[in-house]
Amino acid sequence: LTHLDAYFDHSREISKACRILADIAGLPKHEREMYNVAGLIHDLGRLIIMIAADKTSAPLMGTSWDQMTSIVHSEQEILGMNHCDIGQDVCEKWNFSPVLQEGVLRHHTPLVKDDFSYPGTLIFLSHFVSTSDFTGEILAGMMPDGLFARLGMTAADFDKARERYPAKGFRPIR
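So, a few notes on the structure that sits alongside this text. (Residues numbered from 1 in each chain as written. Predicted model: local features only at pLDDT ≥ 70, side-chain atom pairs only at ≥ 80, totals over all residues. Heavy atoms only, no water.)

### A short note on the overall build of the protein
Per the secondary structure count, the protein includes 10 helices and 2 strands. Listing the helices and strands of the protein from first to last along the sequence gives α-α-α-α-α-α-β-β-α-α-α-α. Expressed as a percentage of the 174 residues in the protein, the buried residues total 48%. At a minimum sequence separation of 6, the contacts of the protein that also span at least 24 residues come to 67%. Accessible surface computed for the protein: about 8,700 Å², of which carbon and sulfur atoms make up 56%. (Helix = DSSP H or I, 4+ residues; strand = E, 2+ residues; numbered from the N terminus. Buried < 20%, exposed > 50% of the residue type's maximum accessible area, 1.4 Å probe, protein only. Contact = heavy atoms within 4.5 Å. Areas by Shrake-Rupley, 256 points an atom, 1.4 Å probe, with all protein chains shown as cover.)

### Quick word on the side chain of His127
Note that His127 resides in helix α7 (residues 118-131). For His127, a relative accessible area of 2% puts it in the buried group.

### Details of helix α5 (residues 83-93)
Looking only at α5, the buried set comprises His83, Cys84, Ile86, Gly87, Gln88, Val90 and Cys91. Two to three positions downstream of the cap, the backbone nitrogen of Cys84 sits 2.9 Å from a side-chain oxygen, assigning the N-cap of α5 to Asn82. Two residues or fewer after α5 comes Asn95, characterised by a positive phi angle close to 65 degrees. (Polar contact = N/O pair within 3.5 Å; in protein donor to acceptor, adjacent residues only side chain to side chain.)

The structure is reproduced here in structure tokens:
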């Protein structure tokens, strides 16, 4: 599979960023570790699609709210399912915790109307921690109002996460 290494790199990047955000949010150790795993498996459904299709034509992409949320819509149109639903189904079959299931399901749709997903939002924002050079203030202006507050965080907390992230330069989200 072409780009399989990129898939695993992306998963590790999001895992690190999730762990950092969970730490800054002041979550207990067990929950920080849970988010570490959530970041690692968040695209499990994408891996299944890649293997089933024997290709990786759908790159890991998206830098804006609209691009991130449009990925699942495109998959739904083309395949009749999306990687978030597939990943959540696998997590449910494997009896993973509700936090992991929700994070995998909602990492592209952390806020749907008034339905807020804490795990989905934390994973969603981890993409920006690991692969963007946005400041928390810029990101807060791009996101729906109050998204950081719903996590119990601020734009400054996002900046702290960016400082702690062990990147050697930024790469665009694939």
